[in-house]
There are 2 protein chains.
Amino acid sequence: MLDRDQTHYLANVMRARTGDEVALFNGRDGEWAARIDTLGKRAAELSVVRALRPQLAEPDLWLAFAPIKRGRIDWIAAKATELGVARLLPVITGRTQMSRVNVGRLAANAVEAAEQCERMSVPPVDEPVSFAELIDAWPRHRILYVGDETGRGTPLAEALGANATLESAADTPRGVLIGPEGGFAADELDALDVLPFVRKISLGPRVMRADTAAIAALAVIQALVGDWRTARGG
Amino acid sequence: MLDRDQTHYLANVMRARTGDEVALFNGRDGEWAARIDTLGKRAAELSVVRALRPQLAEPDLWLAFAPIKRGRIDWIAAKATELGVARLLPVITGRTQMSRVNVGRLAANAVEAAEQCERMSVPPVDEPVSFAELIDAWPRHRILYVGDETGRGTPLAEALGANATLESAADTPRGVLIGPEGGFAADELDALDVLPFVRKISLGPRVMRADTAAIAALAVIQALVGDWRTARGG
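Keep in mind that this is a model prediction, so the values were computed, not measured. (Residues numbered from 1 in each chain as written. Chains lettered and ligands numbered in written order. Predicted model: local features only at pLDDT ≥ 70, side-chain atom pairs only at ≥ 80, totals over all residues. Heavy atoms only, no water.)

A.B. asks: Could you give an account of the overall build of chain A, naming the residues involved and the relevant values?
C.D. replies: Looking only at helices and strands, one finds 7 helices and 10 strands in chain A. Computed over its C-alpha atoms, the radius of gyration of chain A comes to 20 Å, within 12% of the 17 Å expected for a compact globule of 234 residues. The principal-axis extents of the C-alpha atoms in chain A amount to approximately 60 × 40 × 30 Å. Relative to its full complement of 234 residues, chain A shows a buried share of 49%. Within chain A, counting contacts between residues at least 6 apart in sequence, those at least 24 apart form 71% of the total. For chain A, the exposed surface amounts to about 11000 Å²; the carbon and sulfur share of it is 51%. Both charge centroids of chain A, one from 28 positive and one from 31 negative side chains, sit 5 Å from each other. (Helix = DSSP H or I, 4+ residues; strand = E, 2+ residues; numbered from the N terminus. Rg over C-alpha atoms; globule rule 2.2 N^0.38 Å. Buried < 20%, exposed > 50% of the residue type's maximum accessible area, 1.4 Å probe, protein only. Contact = heavy atoms within 4.5 Å. Areas by Shrake-Rupley, 256 points an atom, 1.4 Å probe, with all protein chains shown as cover. Lys, Arg positive; Asp, Glu negative; His and termini not counted. Charge placed at Lys NZ, Arg CZ, Asp CG, Glu CD.)

Dropping the structure here:
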């Protein structure tokens, strides 16, 4: 049984009709074909017909990012989803310009992007936290890559492949932290300097916009140690 | 002497004033500091004061892409520029939805992105060509990475690092071809299959949007064999 929003999406966005088959997933049980038995204005009923794809493990990769303007932050949510991110964590830093985050809208962007790119899970979008809260709550075993604004960070490819250590293993939990366009405040940089799970990285000689940096970093991680080496299923 | 558009940008976007110094570049001679001597409504005069940065060689990386909707194609031009692309080549393929390309607007996007990310060159934007024209004119020594829609392509990181061959050298000329959302037509795929400079690559298990795929591929190339290993100049 689908709720009103899901029904609307099915009927008006996907233009599905009674008798059509659609692919369903819930992030746990893989992907299944389901036939639409009834399709009304507010509710729909589907019957599961057969299994399509087993649930594949996805890389354990988080993206923490300072909120930016509406159009751009929506793009981060959608494109990070296309790149397989497992969790989206908005963080309000000292120099963050946007103090409010529409988590519901970002979550809707993530849902739509997940459906379009055929991934079998949707990354949750957290309520925003402060920089201090993010750092305090950060799991100590999870590596956090942070762009080094001084340009002295380790090139990302090097940080990912360093000596075939544990840090380059595919299932290592990781995260990327992207600051606001104005960069991190001095006290935030000081805090990052002394945290053992932080890796200061370089994303090249050009000063990328925050949304570009987020997507670029995620792509490189997925390509080198993530699931870009997994061929798409049939 | 600046023209009217450059003067407008200087006065109204950058909010510069007489006596201010700005950084100038022309893609050939490096970056120089120049002082604004006069700043009118339609013209400005500047005097070069001193050298700032020498011209750095930039990776020889092209992006050929089927045009997509207005906001998204502007985004490709800007973000590809932030990622250091050397040339932008719009290509009209069989299934391309947008048959017209506003080259001037894309070029303006590239200029603005180059200025914001502090690169010392602006990638030119070609007039659009057909798929056949692109392939016929493609320099035979330039590797062309194309996303394999069947999912059987070589993972991009592997294609870039294969056996430390000539193809993984930093100064190898390269290009990326991103097709339209509907994919390449059968005859285009047949043509790509037999071209010796084409490398069919996989960008992971998710079906990315064309603009996401373009930026993701460029980021991975720059990180592995491009200039992401260059620290930013002081």
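Additional details are given in the paragraphs that follow.
A.B. asks: I'd love a proper account of the interface of chain A and chain B, names of residues and values included.
C.D. replies: Taken together, the 39 residues of chain A in the interface contact 40 residues of chain B. For the pair chain A and chain B, the two sides together bury roughly 3800 Å², of which 60% comes from carbon and sulfur. For the pair chain A and chain B, the number of links is 4 salt bridges. Residue B:Arg206 pairs with A:Asp227 through a salt bridge whose shortest N-O separation is 2.7 Å. Scanning the region where chain A abuts chain B turns up 18 residue pairs in polar contact (both at pLDDT 80 or more). Elements with a contribution of two residues or more to the side of chain A that touches chain B: α2 (70-82), α5 (156-161) and α7 (210-225) of chain A. With 8 residues, α7(A) is the largest single contributor of residues to the side of chain A that touches chain B. Residue classes in the side of chain A that touches chain B are distributed as 17 nonpolar, 9 polar and 13 charged. (Buried area = accessible area lost by both parts, 1.4 Å probe. Salt bridge = Lys/Arg side-chain N within 4 Å of Asp/Glu carboxyl O. Polar contact = N/O pair within 3.5 Å; in protein donor to acceptor, adjacent residues only side chain to side chain. Nonpolar A, V, L, I, M, F, W, Y, C, P; charged D, E, K, R; others polar.)

A.B. asks: Explain the pattern of salt bridges to me, using residue names and the numbers behind them.
C.D. replies: Tallied over the full model, the rule gives 22 salt bridges over all chains. Measuring nitrogen to oxygen at the nearest pair gives 2.8 Å for the salt bridge that ties A:Asp211 to A:Arg72. Placement of A:Asp211 in helix α7 and of A:Arg72 in helix α2 is noted, with a sequence separation of 139 residues between them. Residue classification places A:Asp211 among the buried residues on the basis of a relative accessible area of 2%. Take A:Arg72: its relative accessible area is 25%, and that puts it in the partly exposed class. A salt bridge links B:Asp211 to A:Lys79; the shortest N-O distance between them is 3.3 Å. With B:Asp211 in helix α7 (residues 210-225) and A:Lys79 in helix α2, this pair bridges two chains. In this pair, the class of B:Asp211 matches that of A:Lys79, namely buried. One connected set of salt bridges, linked through shared partners, spans A:Arg72, A:Asp211, B:Lys79 and B:Glu82.

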